[in-house]
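# A closer look at the structure
Okay, here's what each chain looks like letter by letter:
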Amino acid sequence: MKPRILNFGSINIDHVYRVDHFVQAGETLASDSLSTVLGGKGANQSVAIARAGGDVRHIGRLCETDQWVSTYLEASGVDISLVETVAEPSGHAIIQVDRHGENSILLHGGANIGFESATLEKAIAQYDSGDYLLLQNETNAIALAFELAISKGLKVVLNPAPMSDEILSLPLEKLDTLIVNLGEAQALASKDKLDDVVESLTAKMPNTRILITLGDQGVVFVNNGDVTKIDATTAKVVDTTAAGDTFVGYFMASIVDGLKDLEALDRACRAAALAVESLGAMPSIPTSDQLEG
Ligand code: RIB
């Protein structure tokens, strides 16, 4: 039987504004367009797993007035039986996308930061040794989820985005897989140069698979002391939002499907490249047919 994937993560409603440049302090800037779409690093990663052909159950919280979100997630193939509807407003993000396709994101945690211990205890108790727990950093109670998962023998995969001090106090050496961008890796390693970052993270987490994503420079993959550099797939950048989430979801789904690490990485890189070619977070995540077709 394949291991199962449980994803404890945020669900956001993203308000995406196309702008010439990011608004500056003291400036009032008219946007070229606005679209309101589903996002959140957690939900994006669940949808990426599902679109890659994987099975995933999402632990999340959502305002009761945002039923369309559950419908969208379910229609995308995500198991939403652990998504609670609550009275608090859903999490949301104000996203500016500039003329180069770069983004700037302002988050409001909302319902994503109201998780209670009992919810996590009940959810993780249903999983067994060898199953995966995927975590990002847009919800409260990450440390508890991590601890519960490790005590049940689950493999924990962490994408510590956005980075915060709380992440530094987690027992990172117990991770199965760490997926970080360069800035996050530098913060975890307290080093600047990539070689030093790799050396420091390897020393801290010798038994953890480490993936450092470098945008259009590709990915550095570290496993058992071996360091491999994978080139990025060329892409015409429209919007980089959710490229990282697409990468994480495709990598997870591919590993659980039995692909070798480097094969899973190749698939994840190609999916992330497709994601940057269209606007928005979740709408830009390709299906496996779009990727292979
Ligand atoms: O990674 C992209 C996501 O970050 C967006 O969907 C936004 O909601 C923020 O969480």
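Everything below is about the structure printed above this text.
In what follows, the accompanying structure is described. Since we're looking at a predicted model, the values are computed, not measured.

Once that is clear, we can look at the environment of Val23. With respect to the helices and strands, the residue Val23 is situated in the loop between β2 (12–18) and β3 (33–39). Relative accessible area serves as the criterion here: at 36%, Val23 is assigned to the partly exposed category. For the pair formed by Val23 and Ala43, sequence separation is 20 residues and the distance between their alpha carbons is 27 Å. Residues contacting Val23, with those up to four places away along its chain left out, are Leu29 and Gln96.

Moving on: the pattern of salt bridges. Scanning the model with the defined rule gives 14 salt bridges in all. One salt bridge connects Arg99 with Asp20, and the closest N-O pair in it is separated by 3.2 Å. Here Arg99, found in the loop between β6 (91–97) and β7 (103–108), pairs with Asp20, found in the loop between β2 and β3; they are 79 residues apart in sequence, far enough to count as distant. In this structure, a network of salt bridges that share partners links the residues Arg4, Asp128, Asp131 and Lys152.

With that out of the way, let us pick up the site of the ligand. Neighbouring the ligand are 14 residues, the closest being Asp14, Gly40, Lys41, Glu138 and Asp245. Residue Glu138 places a side-chain N or O atom 2.6 Å away from an oxygen atom belonging to the ligand. In the complex, 96% of the free accessible area of the ligand, which totals 280 Å², lies under the protein chains. More than half of the atoms of the ligand fall within 2 Å of the grid points belonging to the largest pocket. Put simply, the parts of the chain that give the shell around the ligand at least two residues each are β2, α1 (41–51) and β7. Looking at the shell around the ligand, its residues break down into five nonpolar, five polar and four charged.

Across the sheet, nine strands lie side by side as β5-β4-β1-β8-β9-β10-β11-β12-β13; this open sheet has mixed pairing. Each of the sheet's edge strands pairs with one partner strand only, and the pair in question is β5 (79–86) and β13 (226–230). With direction set aside, neighbouring strand axes in the sheet form an average angle of 15 degrees. Bridge analysis of strand β1 (residues 5–8) against strand β8 (residues 132–135) gives four bridges, and the strand direction is parallel. When the sheet's bridge partners are listed, Leu6 is paired in β8 with Leu133.

It is worth spelling out the packing of helix α8 (residues 243–256) against helix α9 (residues 261–275) at this point. Packing of α8 against α9 brings their axes to within 8 Å, and their N-to-C directions diverge by 150 degrees. Comparing their axes, α9 and α8 come out roughly antiparallel. Handedness of the crossing formed by α8 with α9: right-handed. For the pair α8 and α9, contact is made by Ala243, Thr246, Phe247, Tyr250, Phe251, Ser254 and Ile255 and by Asp261, Ala264, Leu265, Arg267, Ala268, Cys269, Ala271, Ala272 and Ala275, respectively.

The rules behind the values
Residues numbered from 1 in each chain as written. Predicted model: local features only at pLDDT ≥ 70, side-chain atom pairs only at ≥ 80, totals over all residues. Heavy atoms only, no water. Helix = DSSP H or I, 4+ residues; strand = E, 2+ residues; numbered from the N terminus. Buried < 20%, exposed > 50% of the residue type's maximum accessible area, 1.4 Å probe, protein only. Contact = heavy atoms within 4.5 Å. Salt bridge = Lys/Arg side-chain N within 4 Å of Asp/Glu carboxyl O. Near = heavy atom within 4 Å. Polar contact = N/O pair within 3.5 Å; in protein donor to acceptor, adjacent residues only side chain to side chain. Areas by Shrake-Rupley, 256 points an atom, 1.4 Å probe, with all protein chains shown as cover. 1 Å grid on protein atoms, 1.4 Å probe; cavity = no way out; pocket = protein on both sides within 12 Å on 5 of 7 lines; lining within 4 Å. Sits in = over half its atoms within 2 Å of the grid points. Nonpolar A, V, L, I, M, F, W, Y, C, P; charged D, E, K, R; others polar. Pairing = 2+ DSSP bridges. Axes fitted to C-alpha atoms, helices over the stretch in contact; angles between N-to-C directions. Parallel < 35°, antiparallel > 145°, perpendicular 65-115°, else oblique. Left-handed = near helix turned anticlockwise from the far one by under 90°.

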